[in-house]
Amino acid sequence: MDFERVRRHTPVRVTDAERRAAVLAPVIDRGGAPHVLFTKRAEHLGSHPGQMSFPGGGVEAHDEDLTATALREANEEIGLLPEEAEIVGRLDDIRTVSEYAVTPFVATAPDREYVPSDDEVAEIAVLPVSALTARENYESERRDHPHYGDIRLHFFHVDGYTVWGATGRMLVQLLELLTDWEMPPEVDRVVDPDADLPV
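Asks: What is the right way to look at the pairing of strand β1 (residues 19-30) in this model?
Replies: Side-chain positions along a regular strand alternate between the two faces of the sheet. Bridge analysis of β1 against strand β7 (residues 100-109) gives 10 bridges, and the strand direction is parallel. Paired with R20 across the bridge in β7 is A101. Pairing analysis gives three bridges linking β1 to strand β4 (residues 56-58), with the strands arranged antiparallel. Bridging across to β4, A22 finds its partner in G57. Here β1 runs beside strand β2 (residues 33-41); their pairing, made up of four bridges, is antiparallel. If you follow D29 over to β2, its bridge partner there is P34.

Below, the structure written as structure tokens:
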């Protein structure tokens, strides 16, 4: 795991968004092998129900900065204490269909049991990097998106979970910085704009 590349990375920043959010991508050493922690969003949520995500959420007035937002949300959602997380660096900001600019932070976190601690999180999944970078577990498609035009969607299928959407975009950059994995140059398929997406 090349954390130094994450530290050296100069993130692309989105500065013109009215709504901001921050997420934390926790990297955990489990049995000598790196894993990444994800949450599965509760089905009752109005936006992105049931999708895999990183712990995080919108900025609140009392947050000192975006780092504080990511750490507060991780504490609220999975019980990760701020002092347990060591921020390594940050990835590029991304825009989401819900009109947020999201800043992803990368952190190391201890290998312990994490418990969903608010009603937004249905499950916690700690997935091995070796499986996330396995070619047979990755696919992508190109489609015409109503907000972004021609886009490439990424899908990582591991242990019965599918990481895709905004989190899939973040994961591509995370894996390319931390490992020698590279996104395949060609998509697996081109689909119609109204083709089904994972549920």
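Asks: What is the right way to read the packing of aromatic side chains from this model?
Replies: How two aromatic rings sit relative to each other is set out by the distance from centre to centre and by the angle between their planes. All told, the structure shown has five aromatic pairs when counted by the stated rule. Aromatic side chains Y138 and F156 sit 5.1 Å apart centroid to centroid with 55 degrees between the ring planes, which places their arrangement in the tilted category. Placement of Y138 in strand β9 (residues 138-145) and of F156 in strand β10 (residues 149-158) is noted, with a sequence separation of 18 residues between them. Each member of the pair, Y138 as well as F156, is classed as buried. Aromatic pair F156 and W181: ring centres 5.8 Å apart, planes at 55 degrees, arrangement tilted. Placement of the pair is F156 in strand β10 and W181 in the loop between α4 (165-178) and β12 (189-190), with a sequence separation of 25 residues. By the burial criterion, F156 is buried, and W181 matches it. Clustering of aromatic rings is evident, with ring pairs tying together Y138, F156 and W181.

Asks: Looking at this structure, how should I read the sheet that holds β10?
Replies: As a general point, the strands of a sheet are linked pairwise by backbone hydrogen bonds and lie either parallel or antiparallel. Within the open sheet, the four strands sit side by side as β11-β10-β9-β12. Their pairing is mixed. If you trace the sheet from one side to the other, it starts and ends with β11 (161-163) and β12, each paired once. Here β10 runs beside β11; their pairing, made up of three bridges, is antiparallel. Bridging across to β11, H157 finds its partner in T162.

Asks: Help me out: how do you make sense of the nonpolar core in this one?
Replies: Most often, soluble globular proteins have nonpolar side chains that are buried together. Core analysis: the biggest nonpolar cluster contains 33 residues, and F38, F54, L127, L132, F156, L171 and L174 have the highest contact counts within it. Per-element accounting of this core gives the leading share, seven residues, to α4.

Asks: How do you make sense of unusual backbone geometry when you look at a structure like this?
Replies: The phi torsion of most residues other than glycine is negative, and most of the peptide bonds are trans. Its identity is not glycine, yet D159 carries a phi of approximately 55 degrees, on the positive side. One can find D159 in the loop between β10 and β11.

Asks: What's the story with helix α2 (residues 66-78) in this structure? I'm lost.
Replies: What sets the pattern is the α-helix's 3.6 residues per turn: residues three or four places apart point alike. The end-to-end C-alpha distance of α2, which contains 13 residues, comes to 18 Å, matching closely the 18 Å that a straight helix rising 1.5 Å per residue would cover. Along α2, the residues classified as buried are L66, T69, A70, L71, R72, E73, A74, E77 and I78. Considering only its buried residues, α2 is in contact with β1, β2, β4, β5 (86-90), β7 and β8 (121-128). Of the residues flanking the start of α2, the one acting as N-cap is D65, its side-chain oxygen 3.3 Å from the backbone nitrogen of T67. Just downstream of α2 lies G79, where phi reads positive at about 80 degrees.

Criteria and thresholds
- Residues numbered from 1 in each chain as written.
- Predicted model: local features only at pLDDT ≥ 70, side-chain atom pairs only at ≥ 80, totals over all residues.
- Heavy atoms only, no water.
- Pairing = 2+ DSSP bridges.
- Helix = DSSP H or I, 4+ residues; strand = E, 2+ residues; numbered from the N terminus.
- Phe/Tyr/Trp six-rings, centres within 6.5 Å; stacked < 30°, edge-to-face > 60°.
- Buried < 20%, exposed > 50% of the residue type's maximum accessible area, 1.4 Å probe, protein only.
- Core = buried A, V, L, I, M, F, W, Y, C linked by side-chain atoms within 4.5 Å.
- Expected span 1.5 Å × (residues − 1).
- Contact = heavy atoms within 4.5 Å.
- Polar contact = N/O pair within 3.5 Å; in protein donor to acceptor, adjacent residues only side chain to side chain.

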